[in-house]
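Residues per chain are reported as follows:
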Amino acid sequence: MRPTAPLVVGLLECLLMDFVGISQAFKPLVPLKFPRPGSPLGASLASPAAGILAPTLSPENIGILRDEHFVVIPDLVSPWMVSGLLEDVEVLRKSDAAFAKFASAEHGNVEWFDLLPVRQPPQAGGNLAARNCLYELVETIQEAIEGMSGVSLDSDLTELKYAVYPSGGRYRRHLDGLNVGAQAREYSFILYLNADWIALDGGHLRVFEYEGGSVRGHLDVEPKAGTIVAFKSDRVPHEVLATNARRVALVGWYNRRKTSEEVDTEASANEELSPLAAAILQHYKDSGIAVKVG
């Protein structure tokens, strides 16, 4: 994958900020493993990565993601970058030029600010240096996932947005694996930006583990600033628990472009559905739940 000009600029900005002593843009990794089927509910820490950290997932993290379909990496992103991204989203929230969307009341009126594939207009302002570092991180994580999975992800289809939950906001249980139209979500990721988060603030990410179609247990991930979560979009049911304070995160999805055969097969299957079945299928798709037909 060839780096684009904005990504090169972003990397240079990250390196310059590190050189002048503001902060390292990325910290050593301490990955958190999801419990294997049959194991006691909980989490175990893997050994920290050694040496100088590149802005990507370590081989150990990638191995956990491959085997468990889910990995949590605390403190991957530095306080400087968290602060810069928080400044960025606050500027966007106040800008009349920014693109904003709102989730339904059922999901707690979450505010969304798109960063990819449609970028915010220049006149919206924001902390562009921190945002360019973010784009670099997203790109390098994609490369690591592609190397692990062998799946060709299309960077032109990558989705990235800020998600701002007000106090009391939540997002009910769902799957991210939308497989409609010409693209399919393969991997999801979350970067938390909640500085000074405490347990009473709530807003945990609850990850469910399926075994034979029934829930065997769950893992609640603390949405602490700098933590990154990555998981297989169509394998990990999850929800955001109710918040008792404002909760800010970056959420994204790496997508694969479907083959023409896949698109044609899906279209043929949908044509055979009754009106009621088609309506039910559309309901689940709108809820972010992947449904296979046939």
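Cut-offs used in this document
- Numbers given to residues run from 1 along each chain, matching the order in which its sequence is written.
- Totals for whole chains, interfaces and linings use all residues, but because this is a predicted model, local features are given only for residues with pLDDT of at least 70 and pairs of side-chain atoms are given and counted only at 80 or more.
- For side-chain calculations, the full set of non-hydrogen atoms in the structure is used, while hydrogens and water are omitted.
- A run of H or I in DSSP becomes a helix once it reaches four residues, and a run of E becomes a strand once it reaches two; helices and strands are each numbered from the N terminus.
- Contacts are assigned to residue pairs with any non-hydrogen atoms lying within 4.5 Å of each other.
- Here an angle of 0 to 180 degrees is reported between the N-to-C directions of two axes, which are lines fitted to C-alpha atoms, with helices fitted over the stretch in contact.
- Note on angle classes: values under 35 degrees are labelled roughly parallel, values over 145 roughly antiparallel, values of 65 to 115 roughly perpendicular, and the remainder oblique.
- Two helices crossing with the near one rotated counterclockwise from the far one by less than a right angle form a left-handed crossing, whereas a clockwise rotation gives a right-handed crossing.
- Only Asp, Glu, Lys and Arg are considered charged, only Ala, Val, Leu, Ile, Met, Phe, Trp, Tyr, Cys and Pro nonpolar, and every remaining residue, Gly among them, polar.
- Categorising residues by exposure relies on relative accessible area from a 1.4 Å probe, with only protein chains included: less than 20% of the type maximum marks a residue as buried, more than 50% marks it as exposed, and the intermediate range marks it as partly exposed.
- The rule for pairing is simple: two strands pair if DSSP sees at least two bridges between them.
- For this analysis, a polar contact is any N or O atom pair within 3.5 Å, provided that within protein one partner can donate a hydrogen and the other can accept it, and provided that sequence-adjacent residues contribute only side-chain to side-chain pairs.
- We define the nonpolar core as a collection of buried residues of types Ala, Val, Leu, Ile, Met, Phe, Trp, Tyr and Cys that are connected through side-chain atoms lying within 4.5 Å of one another.
- Salt bridge, as used here: a side-chain nitrogen of Lys or Arg that lies within 4 Å of a carboxyl oxygen of Asp or Glu.

Engineer: Is there a simple way to explain the side chain of Asp88 in this structure?
Structural biologist: Take Asp88: it is sitting in helix α3 (residues 79–94). Leave out the neighbours within four places in its chain, and Asp88 touches Gly125, Gly126, Asn127, Arg131 and Tyr162.

Engineer: In this structure, what is going on with the packing of α3 against helix α4 (residues 128–149)? I would like to understand it.
Structural biologist: The description of two helices packed together rests on the angle between their axes and the distance between the axes. At a minimum axis separation of 8 Å, α3 and α4 run at an interaxial angle of 115°. On the basis of their axis angle, the class for α3 and α4 is roughly perpendicular. Crossing hand, α3 versus α4: left-handed. Along the contact surface, α3 presents Trp80, Met81, Gly84, Leu85, Asp88 and Leu92, while α4 presents Ala130, Arg131, Cys133 and Leu134. Here the residues of the contact of α3 with α4 are counted per class, giving seven nonpolar, one polar and two charged.

Engineer: Help me out: how do you make sense of the environment of Pro74 in this one?
Structural biologist: Here Pro74 lies in the loop between β3 (70–73) and α3. Pro74 sits in the partly exposed class, given a relative accessible area of 23%. Put simply, Pro74 and Tyr192 are 118 residues apart on the chain and 9.6 Å apart in space, counted from C-alpha to C-alpha.

Engineer: What should I look at first to understand the pairing of strand β5 (residues 111–116) in this one?
Structural biologist: Residues in a regular strand project their side chains so that they alternate between the two faces of the sheet. β5 sits mainly inside the fold: six of its six residues count as buried. Pairing of strand β4 (residues 101–102) with β5 involves two bridges; the strand directions are antiparallel. Opposite Phe102, over in β5, you have Glu111 as the bridge partner. Alignment of β5 against strand β6 (residues 159–165), held across five bridges, turns out to be antiparallel. By the bridge assignment, Asp114 is partnered in β6 with Lys161.

Engineer: Help me understand the environment of Arg247 in this model?
Structural biologist: If you trace the backbone, Arg247 turns up in strand β13 (residues 247–257). Of the residues examined, Arg247 reaches a relative accessible area of 5% and is grouped as buried. When the C-alpha atoms of Arg247 and His204 are compared, they prove to be 9.6 Å apart, with 43 residues separating the residues in sequence. Leaving out residues up to four positions away in the same chain, Arg247 has contacts with Ala163, Val164, Tyr165, Tyr192, Asn194, Gly203, Leu205, Pro223 and Val240. Engagement of the side chain of Arg247 in a polar contact is seen with the backbone oxygen of Gly203, the distance being 2.6 Å.

Engineer: Looking at this structure, how should I read the packing of helix α2 (residues 59–68) against α4?
Structural biologist: Running from N to C, α2 and α4 point in directions that differ by 55°, and their axes come no closer than 10 Å. If you check the angle between α2 and α4, you find them oblique. Between α2 and α4 the crossing geometry is right-handed. Along its contact with α2, which presents Ile62, Leu65 and Arg66, the element α4 presents Ala144, Ile145 and Met148.

Engineer: How should the nonpolar core be read in this particular structure?
Structural biologist: Looking at soluble globular proteins, one finds that nonpolar side chains tend to be buried together. Counting 43 residues, the largest nonpolar core has Leu85, Leu134, Leu160, Tyr162, Leu193 and Leu250 as the members making the most contacts within it. When residues in this core are grouped by element, the largest group, ten residues, is from α4. Leu134 has contacts with Met81, Leu85, Leu115, Leu160, Leu191 and Leu250, leaving out every residue within four places of it along the chain. Judged by nonpolar contacts, the second largest core, of 21 residues, contains Leu205, Leu219, Phe231 and Val240.

Engineer: Please explain the environment of Ala129 as it appears in this structure.
Structural biologist: Tracing the sequence through the fold places Ala129 in helix α4. Given the relative accessible area of 15%, Ala129 is considered buried. Spatially, the C-alpha atom of Ala129 lies 9.4 Å from that of Asp88, the residues being 41 residues apart in sequence.

Engineer: Would you take a moment to explain the pattern of salt bridges for this structure?
Structural biologist: Any two side chains of opposite charge can pair, so long as their charged atoms come close to each other. Counted under the stated rule, the structure contains 15 salt bridges. With a closest N to O distance of 2.5 Å, Glu90 and Arg246 form a salt bridge. A residue pair is termed long-range when its members are at least 10 positions apart, and Glu90 in helix α3 and Arg246 in the loop between β12 (238–240) and β13 qualify at 156 residues. The shortest N-O distance in the salt bridge between Asp154 and Arg257 comes to 2.9 Å. Placement of the pair is Asp154 in the loop between α4 and β6 and Arg257 in strand β13, with a sequence separation of 103 residues. Owing to a relative accessible area of 46%, Arg257 belongs among the partly exposed residues under this scheme.

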